[in-house]
Amino acid sequence: MLERDKLNGPDAKVKAIYRVEMPQDGGVGSAADVPEVLPKTLARNLLPDLQGSNGFVQEKVEGFAVTGNGNLYVVTDNDGLDDANGETQFFDLGPAAEALAG
């Protein structure tokens, strides 16, 4: 699960990937049996990655994927609005098993 605040630059505080264990069939009879909030575990804090280029920390970490080569990729999208520079960043964070060791 991807979580981010709506802050950029030096104000950015939350840009992270979390693990959330989804309930399995056993014991879940209906939607009413699923808790409203599932516990999450930090898998990777993305702020150091975003700060690594010594540039402007982008607001919108929009997505991530583990691809066929097993690597974790993260992408930003910043729309070029008044409070953003419009830059999009694409990160190859290496093997997902290592990148998400959190």
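It should be emphasised that the depicted structure is a prediction, and the values quoted were computed from it without experimental measurement.

The rules behind each value
- Residues numbered from 1 in each chain as written.
- Predicted model: local features only at pLDDT ≥ 70, side-chain atom pairs only at ≥ 80, totals over all residues.
- Heavy atoms only, no water.
- Salt bridge = Lys/Arg side-chain N within 4 Å of Asp/Glu carboxyl O.
- Helix = DSSP H or I, 4+ residues; strand = E, 2+ residues; numbered from the N terminus.
- Buried < 20%, exposed > 50% of the residue type's maximum accessible area, 1.4 Å probe, protein only.
- Pairing = 2+ DSSP bridges.
- Axes fitted to C-alpha atoms, helices over the stretch in contact; angles between N-to-C directions.

Engineer: Before we move on, can you summarise the pattern of salt bridges with the specific residues and values?
Structural biologist: Taken as a whole, this structure holds six salt bridges when the rule is applied. With a shortest N-O distance of 3.7 Å, Arg 4 and Glu 59 are connected by a salt bridge. Of the two residues, Arg 4 sits in strand β1 (residues 2-4) while Glu 59 sits in the loop between α1 (47-51) and β4 (61-66), which places them 55 residues apart along the sequence. For Glu 59, a relative accessible area of 5% gives the class buried. The closest approach of N and O atoms between Arg 44 and Asp 49, which form a salt bridge, is 2.9 Å. Here the residues in one salt-bridge network are Arg 4, Lys 6, Glu 59 and Glu 62, joined through shared partners.

Engineer: Can you lay out the sheet that holds strand β5 (residues 71-76) for me, pointing to particular residues and giving the numbers?
Structural biologist: Taken in spatial order, the three strands of this open sheet run β4-β5-β6, and their pairing is antiparallel. Of all strands in the sheet, those with a lone pairing partner are β4 and β6 (90-95), marking the two edges. The mean inter-strand angle of the sheet, taken between neighbouring strand axes irrespective of direction, is 15 degrees. Both β4 and β5 contribute to a ladder of five bridges, which runs antiparallel. Bridge pairing in β5 links Ala 65 to Tyr 73.

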